[in-house]
Amino acid sequence: MDSQEHIVMLPFLAHGHLIPFLALAKQLQERTGFTITIASTKLNIQYLRSSISTDSDFKILFAELPFCSSAHDLPPNSENTENLSLDRVIKLFYASQSLEYPLLRLLNDIIDQEGRPPLCIISDIFFGWAVDVAKSVGTVNVSFSTSGSYGTLAYVSFCLNLPHRFTDSDEFLVPGFPETADGTDVWSKFMQQQFSRCLESYGWLCNSVEEIEPLGLDLLMKYIRLPVWAIGPLTPPAALKSSSSSHASISRQHAGKKPGLPLEKFLDWLDLQSPDSVLYISFGSQNTIGASQMMQLAIGLEGSRKSFIWVVRPPLGFDLNGEFRAEWLPEGFEERIKQSRRGLIVRNWAPQLEILSHKSTGAFLSHCGWNSVLESLSQGVPIVGWPMAAEQAFNSKMLMEEMGVSVELTRGIQSVIEAKEVKRVIESAMDEHGKGGDMRKKAAEFKELIKLAVREEGDEKGSSLKAVDDFVGTILYKRKE
Ligand code: UDP
């Protein structure tokens, strides 16, 4: 293949997007030898660089796009959704549109140096404006959804078909949307604008695995009427290694994130637990739950007598960077858990993939963010769902109804949960027989399917690798047209 070709990638400014973009960059480079540039803001590039510093074979270029958060009424250095409350996150979405001109300048610089435009621009589906930038410099834009096919389809079609009026007879209410979404709120407006532009791109890449969501993929292709390449799972490389209980086999740096405890502490503690006995609890890099939800979750968890690792973040309405307050949890909770060694309560961030890939981890209480879903399934770990925003409720629906790997605890950031329901659902999900056992068996099957999708032996390739190669072949052909 022509090693002089150049692809420019433009991820949205959130960890859940940076990670799959980076994994795709790595894969494209390994399979083609092309020059790959990831363009983003200074801080996000720092995150990306820090997450690949140990991987010396991976030579990727990073281009810094100027961005000033305070010019958009955001706190200084707010270049990523992390640590931004919901009302500020939407400001970051709108502010991200200011990257248009810096991207254009970068592309023109590349044209000056290389004598032709890059082969294509791979941009996040939240950056629909990149379609026109690509066209203006004579190249194609391919939109990349870091979500799965079904979640992408449901979210995109929901946003493009507003107003949608929820009624009592609606079978499936979507949390995170206003009860009557009429399309005039700031979120809907932004998404409509971006998604409708993405329908003009050359095709879509999706962090999906054909075998795990065939229906979603088929529906997505029919809906957008563009080529879709299912190239997932774009998880950090360690996710595809086999299960392990040893410390040495896993090495992953977290993009600029510091776990609340050193990795060894997690692994030492997990090594002491029996197989499939630990519930891992995390709501991703952005979401938090409310103070009363946190209290009920803690009481239910304690009542269940199951072992757990809980990544605790300040509840909704509190400063995400502020001091942690003991009163958010039941009196003496942390001390009792510590004394009994029944759990690890960790502030803000945990090495998720390492935890999920440990043989002691038996289930994942998750907000059903797509990276978390793929990381969990790639390790054969079933899910207890608590979807909160974006397309998470759709992901959860598919996990429960189509795949049978999940049970939903509740839905939405405003939901009322009770400790006894928490206890019941956790006990059922962790049970090795009945529902829990069924979910675990299914999750193990999906783990195998995911492995097959990325397997390569001689001329035999899994579906996701075929899709990547087909994508590259198609855009190369397009260049020659
Ligand atoms: N993550 C992590 N530790 C944490 C929380 C999150 O490593 O304590 C990582 C997780 O492994 C995943 C990403 O952050 O790769 C979260 O992405 P996801 O799509 O699940 O949710 P989002 O944060 O985008 O809502």
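Residues numbered from 1 in each chain as written. Predicted model: local features only at pLDDT ≥ 70, side-chain atom pairs only at ≥ 80, totals over all residues.

1. A look at the overall build of the protein chain
The criterion, for reference: Numbered from the N terminus, helices here are DSSP runs of H or I no shorter than four residues, and strands are runs of E no shorter than two. What counts as a contact is two residues whose backbone-derived C-beta atoms lie within 7 Å of each other.
In terms of helices and strands, the protein chain carries 17 helices and 17 strands. For the protein chain, the share of sequence-separated contacts (at least 6 apart) that also reach a separation of at least 24 residues comes to 71%.

2. Structural notes on the site of the ligand
What counts, and what does not: By definition, a residue lies near a molecule or strand provided its backbone-derived C-beta atom is within 6 Å of it. Residues are grouped as follows: Ala, Val, Leu, Ile, Met, Phe, Trp, Tyr, Cys and Pro are nonpolar; Asp, Glu, Lys and Arg are charged; every other residue, Gly included, is polar.
Around the ligand, a shell composed of 20 residues is seen, among which Gly-16, Gly-284, Ser-285, Gly-369 and Ser-372 lie nearest. It is helix 13 (residues 370-378) that contributes the most residues to the shell around the ligand, 4 residues altogether. Classifying every residue of the shell around the ligand gives 7 nonpolar, 12 polar and 1 charged.

3. Comments concerning the sheet that holds strand 15 (residues 406-408)
Sheet strands associate in pairs through backbone hydrogen bonding, adopting either a parallel or an antiparallel arrangement. Stated precisely, the cut-off is as follows: Only when DSSP finds a minimum of two bridges between them are two strands counted as paired. Helix axes are fitted only over the stretch in contact, all axes being lines through C-alpha atoms; the angle between N-to-C directions runs from 0 to 180 degrees.
On the basis of which strands lie adjacent, the open sheet formed by 6 strands has the order 12-11-10-13-14-15 and parallel pairing. Sheet topology places strand 12 (343-347) and strand 15 at the edges, where each strand pairs with a single neighbour. Pairwise comparison of adjacent strand axes, ignoring direction, gives a mean angle of 15° for this sheet. By the bridge criterion, 5 bridges tie strand 10 (residues 278-282) to strand 13 (residues 361-366) in an arrangement that is parallel. Within the sheet, the bridge partner assigned to Tyr-280 lies in strand 13 and is Phe-364. Its contacts with the sheet put helix 14 (residues 392-403) on strand 14 (383-385) and strand 15, and the angle it makes with strand 15 is roughly 125°.

4. Overview of unusual backbone geometry
The cut-off we apply is this: Any residue with 12 or fewer other C-beta atoms within 10 Å of its own C-beta is exposed, any with 20 or more is buried, and the rest are partly exposed; the C-beta atoms used are placed from the backbone.
Note that the residue after Gly-232, namely Pro-233, is joined by a cis bond; omega there is 5°. Looking at the secondary structure, you find Pro-233 in the loop between strand 9 (228-230) and helix 9 (263-271). The phi angle at Asp-276 is positive, at roughly 60°, despite the residue not being glycine. The exposure class of Asp-276 is partly exposed, given the 18 C-beta atoms found within 10 Å. For Ala-390, which is not a glycine, the phi torsion comes out positive at approximately 45°.

5. So, the nonpolar core
Selection criterion: Note on terminology: a nonpolar core is a set of buried residues of type Ala, Val, Leu, Ile, Met, Phe, Trp, Tyr or Cys, with members joined through C-beta atoms within 7 Å.
Core analysis: the largest hydrophobic core is formed by 135 residues, its most contacted members being Met-9, Ile-309 and Val-384. Per element, the largest residue contribution to this core is 8 residues, and it comes from helix 1 (residues 15-32). Among residues more than four places away in sequence, those in contact with Ile-309 are Phe-266, Val-278, Tyr-280, Ile-281, Gly-343, Leu-344, Val-346, Ala-350 and Ile-355.

6. Focus: the confidence of the model for the protein chain
As a reminder of what qualifies: Confidence of the prediction at every residue is given by pLDDT, a number between 0 and 100.
Mean pLDDT over the protein chain: 89, with 90% of residues reaching 70 or higher. Per-residue pLDDT stays below 50 along residues 239-256; that stretch engages in 45 contacts with residues further than four places along the chain or on separate chains.

7. Quick look at helix 13
Because an α-helix completes one turn every 3.6 residues, residues spaced three or four positions apart along the sequence face the same direction. For helix 13, the buried fraction is high: 9 of the 9 residues fall into the buried class. Of the residues making up helix 13, those classed as buried are Trp-370, Asn-371, Ser-372, Val-373, Leu-374, Glu-375, Ser-376, Leu-377 and Ser-378. Where helix 13 ends, the next residue or the one after it, Gly-380, has phi of about 70°, a positive value.

8. Notes on the pairing of strand 4 (residues 120-124)
Threshold: The path from the first strand over the helix to the second decides the hand: if it runs clockwise while the strands point away from the viewer, the crossover is right-handed.
With 5 of 5 residues buried, strand 4 is to be regarded as a mostly interior element. As paired elements, strand 1 (residues 6-10) and strand 4 share 4 bridges and run parallel to each other. Following the sheet pairing, Ile-7 is matched in strand 4 by Cys-120. Bridge count between strand 4 and strand 5 (residues 140-145): 5 bridges; the pairing is parallel. In the strand pairing of strand 5, Asp-124 is matched with Phe-144. For the crossover from strand 4 across helix 5 (residues 130-136) to strand 5, the handedness is right-handed.

9. Notes on the sheet that holds strand 9
Pairing is parallel in the open sheet, where 7 strands are placed in the order 3-2-1-4-5-8-9. The open sheet has two edge strands, strand 3 (61-64) and strand 9, and neither has a second partner. On average, each strand axis in the sheet is inclined to that of its neighbour by 25°, with strand direction left out of account. In this sheet, strand 8 (residues 203-206) lies alongside strand 5 in parallel orientation, the contact comprising 4 bridges. Its bridge partner lying in strand 8, Phe-144 is registered against Leu-205.

10. Looking at the environment of Ala-63
Within the secondary structure, Ala-63 sits in strand 3. Distance in space between the C-alpha atoms of Ala-63 and Ile-38 is 6.2 Å, their sequence separation being 25 residues. Those residues in contact with Ala-63 that lie beyond four places of it in its chain are Thr-37, Ala-39 and Leu-106.

11. Here we look at the packing of helix 1 against helix 17 (residues 463-480)
Quick note on the threshold: These descriptions rest on fixed angle ranges, namely under 35 degrees for roughly parallel, over 145 for roughly antiparallel, 65 to 115 for roughly perpendicular, and the rest for oblique.
Contact pair helix 1 / helix 17: the axes reach a minimum separation of 11 Å and the direction vectors enclose 70°. Taken together, the axes of helix 1 and helix 17 are roughly perpendicular relative to one another. Residue-level inspection shows Gln-27, Arg-31 and Thr-32 of helix 1 in contact with helix 17, the latter providing Val-468, Asp-469 and Val-472.

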